[in-house]
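# Structure assessment
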Amino acid sequence: MSIFGNLFGDSNNKDNSSSGIDWNNLTELKQLDTIAEESFKMPVIIFKHSTRCSISRMALKNFEREYSIEVESAKPYFLDLLEHRDISNEIAERFNVQHQSPQLIIIKEGKAVYNASHSDIDAEDVKYKL
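I will try to describe carefully the structure that is included in this document. (Residues numbered from 1 in each chain as written. Predicted model: local features only at pLDDT ≥ 70, side-chain atom pairs only at ≥ 80, totals over all residues. Heavy atoms only, no water.)

In this section: the overall build of the protein. The number of helices and strands found in the protein is 6 helices and 5 strands. Counting from the amino terminus, the protein carries its helices and strands in the arrangement α-α-β-α-β-α-β-α-β-β-α. The burial tally for the protein puts 43% of its 130 residues in the buried class. Long-range contacts, defined as pairs at least 24 residues apart, comprise 67% of the intrachain contacts of the protein with a sequence gap of at least 6. Within the structure as shown, the protein displays about 7,300 Å² of accessible surface, and the carbon and sulfur contribution to it stands at 45%. (Helix = DSSP H or I, 4+ residues; strand = E, 2+ residues; numbered from the N terminus. Buried < 20%, exposed > 50% of the residue type's maximum accessible area, 1.4 Å probe, protein only. Contact = heavy atoms within 4.5 Å. Areas by Shrake-Rupley, 256 points an atom, 1.4 Å probe, with all protein chains shown as cover.)

Once that is clear, we can look at the sheet that holds strand E1 (residues 24-25). For sheets, the rule is that strands pair by backbone hydrogen bonds, running either parallel or antiparallel. With respect to topology, 5 strands assemble into an open sheet ordered E1-E3-E2-E4-E5, the strand pairing being mixed. In this open sheet, the two edge strands, each paired with only one partner strand, are E1 and strand E5 (111-117). The sheet contact formed by strand E2 (residues 44-49) and strand E4 (residues 103-108) spans 5 bridges and is antiparallel. Each residue of the ladder has a partner; that of Ile-45, found in E4, is Ile-106. (Pairing = 2+ DSSP bridges.)

In this section: unusual backbone geometry. Following Ser-101, the chain continues into Pro-102 via a peptide bond in cis, with omega recorded as -5 degrees. Relative to the elements of secondary structure, Pro-102 occurs in the loop between helix H5 (85-94) and E4. A positive phi angle, near 55 degrees, is found at Asn-96, a position not held by glycine. Here Asn-96 lies in the loop between H5 and E4. Exposure remark for Asn-96: the relative accessible area of 71% places this residue in the exposed category.

All told, the structure shown has 4 salt bridges when counted by the stated rule. Measuring nitrogen to oxygen at the nearest pair gives 2.7 Å for the salt bridge that ties Asp-33 to Arg-94. One end of the pair, Asp-33, is in helix H3 (residues 31-38); the other, Arg-94, is in helix H5, and 61 residues separate them in sequence. According to the relative accessible area criterion, Asp-33 is partly exposed, its value standing at 40%. Note on Arg-94: relative accessible area 34%, which makes it partly exposed. A salt bridge links Glu-38 to Lys-75, with the shortest nitrogen-to-oxygen separation between them at 2.7 Å. Of this pair, Glu-38 sits in helix H3 while Lys-75 sits in strand E3 (residues 75-80); the two residues are 37 residues apart in sequence, bridging distant segments of the chain. Given the relative accessible area of 18%, Glu-38 is considered buried. Lys-75 gets classed as partly exposed once you look at its relative accessible area, which sits at 25%. Overlapping salt bridges bring together Asp-33, Glu-90 and Arg-94 as one network. (Salt bridge = Lys/Arg side-chain N within 4 Å of Asp/Glu carboxyl O.)

As a further point, take the environment of Asp-22. By secondary structure assignment, the location of Asp-22 is in the loop between helix H2 (16-19) and E1. Separated by 55 residues in sequence, Asp-22 and Tyr-77 place their C-alpha atoms 8.7 Å apart.

Within E4, 5 of the 6 residues are buried, which leaves it mostly tucked inside the rest of the structure. As judged from the 6 bridges shared by E4 and E5, these two strands associate in the antiparallel manner. Within E5, the residue paired with Leu-104 across the bridge is Ala-116. In this structure, the hairpin formed by E4 and E5 is closed by a connection of 2 residues, where Glu-109 is found at a positive phi of approximately 50 degrees.

By themselves, these figures tell us nothing about what the structure is for.
This is the structure:
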């Protein structure tokens, strides 16, 4: 791995096992209906990540390192923007948030109640917004 790969992580891969977060991969448009329904039972976190962007990789790694939200407190979803731009576009439209990358969105009761992007993504802030 290159020096940049060591600093920012491998941009072509997301290693779920090392993060401590049990990510649910968001790979189909129909999952947005499920997310909206689930958000009435518990908050849903969506992390939109560009796998080729070092800034996005750094924001993801920082978020994962600081994440300390209990499993029963929120359900986290991971979206690979490069593979699923259509889903990102639908998230923007359906939940009335402007597209950003990287971006974190909290969905409650079928609505986006919080979103942050780039260096504003902070696991502690997310914890208090739930």
